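What the coordinates show
This is what each chain is made of:
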Amino acid sequence: MRAQDILPDNINQVEVNDVAVRKGTVGAFLINARLWLKPGVSAEERALTEQDIIDALPALVALGLFDFLSIRDPKLREFVAMHI
């Protein structure tokens, strides 16, 4: 299966278990996770990043991401677990 088999170029989201999952959700989560873990991030930027992570969790759960992958960083893993 290839990415375009799931979401062709002309489609930007799909419904999975009654949850709208936008194209780029997993990529955005990974970028936000990296930013969340980055030392020296301002409190404002961290708060925005945390909210973006929380907002993405229903889609990531619907995709089953955490059924197959685990978060290595204990603090981020705990943060995500608190919001699932």
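Refer to the structure above for everything that follows.
Remember, it's a predicted structure, so these values are computed and weren't measured experimentally.

Note that strand E1 (residues 13-16) and strand E2 (residues 19-22) share four bridges and pair antiparallel. Looking at the pairing, Gln13 lines up with Arg22 of E2. Hairpin connection from E1 to E2: two residues lie between these consecutive antiparallel strands, with Asn17 at a positive phi of about 50°.

Over its 13 residues, helix H2 (residues 25-37) runs 18 Å from end to end, which matches the ideal 18 Å to within 8%, given 1.5 Å per residue. Those residues of H2 that sit buried are Thr25, Phe29, Asn32, Ala33 and Trp36. Down the axis of H2, the buried side of the element spans an arc of 105°, and every buried residue falls inside it. Across H2 from its buried face, at more than 90 degrees, point the exposed residues Ile31 and Arg34.

What counts and what doesn't
- Residues numbered from 1 in each chain as written.
- Predicted model: local features only at pLDDT ≥ 70, side-chain atom pairs only at ≥ 80, totals over all residues.
- Heavy atoms only, no water.
- Pairing = 2+ DSSP bridges.
- Helix = DSSP H or I, 4+ residues; strand = E, 2+ residues; numbered from the N terminus.
- Expected span 1.5 Å × (residues − 1).
- Buried < 20%, exposed > 50% of the residue type's maximum accessible area, 1.4 Å probe, protein only.
- Arc of directions from axis to C-beta.

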